[in-house]
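Understanding the architecture of this molecule
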Amino acid sequence: MQILDRLKMELSNQEYFSDEQYTQFLLENGLSATAEYNKETDQRQMLLSALDILEAVSNDIDIMRQTVTEFTTTSQAYKYLEKRIQNLRDKIASIPEPEEEYSCFSLMFTSKNPTVYSPADYGSRRISKSDIDVMMGGEYHES
């Protein structure tokens, strides 16, 4: 199955745009419409293309009126598209990046010394309790 055909299937075969426009969405996400679909390598980019298409549809009221006929109002169609977009975002987020090695502990080791935080590292100076009291309009009282 070609990637373009798989994209159309993901979109429930709705004709939101022409094949040329679908091909452009795929190209923008690094896929060729005529290549064979491989779920392991192409799923994330194909879903990103579907997400881009649904966002484009939800931003163009004329396209929604032309293509969505099972809803009685544009508001219902928009709510459906928003739900579908959120589902796609969730699905994309659940797919690990191919070159990324995932570990639930990976964020624990991203800073130079996770146990020591210094405001000076971020261009800030240390503020004393008396400075805070003065800023708040009160006077500092040593306890």
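Residues numbered from 1 in each chain as written. Predicted model: local features only at pLDDT ≥ 70, side-chain atom pairs only at ≥ 80, totals over all residues. Heavy atoms only, no water.

**So, helix α2 (residues 19-28)**
Residues Tyr 22, Phe 25 and Leu 26 constitute the buried set of α2. The buried side chains of α2 occupy one side of the element, clustering within an arc of 100° when seen end-on. Exposed residues pointing more than 90 degrees away from the buried face of α2 are listed as Glu 20, Leu 27 and Glu 28. Tucked inside the fold, the buried residues of α2 contact α1 (3-10) and α3 (39-58). (Buried < 20%, exposed > 50% of the residue type's maximum accessible area, 1.4 Å probe, protein only. Helix = DSSP H or I, 4+ residues; strand = E, 2+ residues; numbered from the N terminus. Arc of directions from axis to C-beta. Contact = heavy atoms within 4.5 Å.)

**Details of the confidence of the model for the chain**
Averaged over the chain, the pLDDT score is 78; the fraction of residues at 70 or greater is 69%. Across the chain, α2 holds the top mean pLDDT of 95, while helix α4 (residues 61-67) sits lowest at 70. (pLDDT = per-residue confidence, 0-100.)

**Concerning α3**
Helix length check: α3, at 20 residues, gives a terminal C-alpha distance of 27 Å against a target of 28 Å (1.5 Å per residue), a fit within 8%. With a side-chain oxygen positioned 3.0 Å from the backbone nitrogen of Glu 40, the residue opening α3 is Asn 38. (Expected span 1.5 Å × (residues − 1). Polar contact = N/O pair within 3.5 Å; in protein donor to acceptor, adjacent residues only side chain to side chain.)

**Some points on the packing of aromatic side chains**
Applying the stated criterion to the full structure yields two aromatic pairs. For the pair Phe 17 and Tyr 22, a centre-to-centre distance of 6.4 Å together with 85° between the ring planes defines the contact as edge-to-face. Residue Phe 17 is classed as buried on the basis of its relative accessible area, which comes to 13%. Here the aromatic rings of Phe 17 and Phe 25 are separated by 5.5 Å at their centres, their planes lie at 45°, and the arrangement is tilted. Through successive ring pairs, a cluster of aromatic residues spans Phe 17, Tyr 22 and Phe 25. (Phe/Tyr/Trp six-rings, centres within 6.5 Å; stacked < 30°, edge-to-face > 60°.)

**Brief notes about the pattern of salt bridges**
Any two side chains of opposite charge can pair, on the condition that their charged atoms come close. All told, the structure shown has four salt bridges when counted by the stated rule. For Glu 10, the salt bridge identified is with Arg 84, shortest N-O distance 2.9 Å. In this pair, Glu 10 sits in helix α1 while Arg 84 sits in helix α5 (residues 74-93), placing the two residues 74 residues apart along the sequence. If you follow the salt bridges from partner to partner, you end up with Arg 6, Glu 10 and Arg 84 in one network. (Salt bridge = Lys/Arg side-chain N within 4 Å of Asp/Glu carboxyl O.)

**Let's talk about the packing of α3 against α5**
Here α3 crosses α5 at 160°, and the two axes come no closer than 10 Å. Here α3 lies roughly antiparallel to α5, going by the angle between them. Handedness of the α3/α5 crossing: left-handed. Only Tyr 78, Leu 81, Glu 82, Arg 84, Ile 85, Leu 88, Arg 89, Lys 91 and Ile 92 of α5 make contact with α3, whose side of the interface consists of Gln 43, Arg 44, Leu 47, Leu 48, Ala 50, Leu 51, Leu 54, Glu 55, Val 57 and Ser 58. Tallied by class, the residues present in the contact of α3 with α5 amount to eleven nonpolar, two polar and six charged. (Axes fitted to C-alpha atoms, helices over the stretch in contact; angles between N-to-C directions. Parallel < 35°, antiparallel > 145°, perpendicular 65-115°, else oblique. Left-handed = near helix turned anticlockwise from the far one by under 90°. Nonpolar A, V, L, I, M, F, W, Y, C, P; charged D, E, K, R; others polar.)

**Examining the packing of α2 against α3**
The contact between α2 and α3 brings their axes to 9 Å, and the two run at 125°. It follows that α2 is oblique to α3 by the angle criterion. Relative to α3, the crossing made by α2 is right-handed. Of the residues in α3, those in contact with Tyr 22, Phe 25 and Leu 26 of α2 are Ser 49, Asp 52, Ile 53 and Ala 56. Along the lines of polarity and charge, the residues of the contact of α2 with α3 split into five nonpolar, one polar and one charged.

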